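Chain residues, written in single-letter form:
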Amino acid sequence: MIGVFYRIAGVTDTSGLAFSDISMQRDVDGDKTQFTIAGAITNHGAEPRRVPDVRVQLKDKKGHIVWARNYPVQHTVNARRVLSPSASAT
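Rules used throughout
- Each chain has its residues counted from 1, following the order in which its sequence is written.
- It should be noted that, the model being predicted, local features are given only for residues of pLDDT at least 70 and side-chain atom pairs only at 80 or more, the latter also being counted only at that level, while totals for whole chains, interfaces and linings use all residues.
- Note: side-chain values were computed over all heavy atoms of the structure, leaving out hydrogens and water.
- Pairing between two strands requires that DSSP report at least two bridges joining them.
- Labels follow the DSSP assignment, with helices taken as runs of H or I lasting at least four residues and strands as runs of E lasting at least two, numbered in each case from the N terminus.
- For this analysis, residues touch if any pair of their heavy atoms sits within 4.5 Å.
- A 3.5 Å cut-off defines polar contacts: any pair of N or O atoms within that distance qualifies, except that in protein one atom must be a possible hydrogen donor and the other a possible acceptor, and neighbouring residues in sequence count only when both atoms are side-chain atoms.

(A) Structural view of the sheet that holds strand 2 (residues 32–43). The strand order across the open sheet built from three strands is 1-2-7, with neighbouring strands paired in antiparallel fashion. Among the strands making up the open sheet, the edge pair consists of strand 1 (17–29) and strand 7 (88–89). Bridge count between strand 1 and strand 2: 11 bridges; the pairing is antiparallel. For D27, the partnering residue across the bridge sits in strand 2 and is Q34.

Structure below.
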């Protein structure tokens, strides 16, 4: 029943999804800086779960958000971006 609520509300149920092996690489080319974030997401739940976009935020030293953007998980199990139970994507 709760899955129906999520679909009606347009929200993705992320229970059971967990990140691991997260890394960040910083590359500087002249006056431009590029950050690359990588990791894995695993479905530890008992039901298939849709992998939502991931929100990335850069914060200043005081913890204030100075930049934010949503990104789709690029390497997914299928075109619908659904992870089966115990499956992982990087």
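Next comes the rest of the write-up.
(B) A look at the environment of G39. One can find G39 in strand 2. Placed 51 residues apart in sequence, G39 and T90 show a C-alpha to C-alpha distance of 5.7 Å. Not counting residues up to four positions away in its chain, the partners in contact with G39 are S20, D21, I22, A89 and T90.

(C) Examining the side chain of R81 more closely. One can find R81 in the loop between strand 5 (65–71) and strand 6 (82–83). Here the side chain of R81 touches D53 through a polar contact of 2.7 Å, side chain to side chain.

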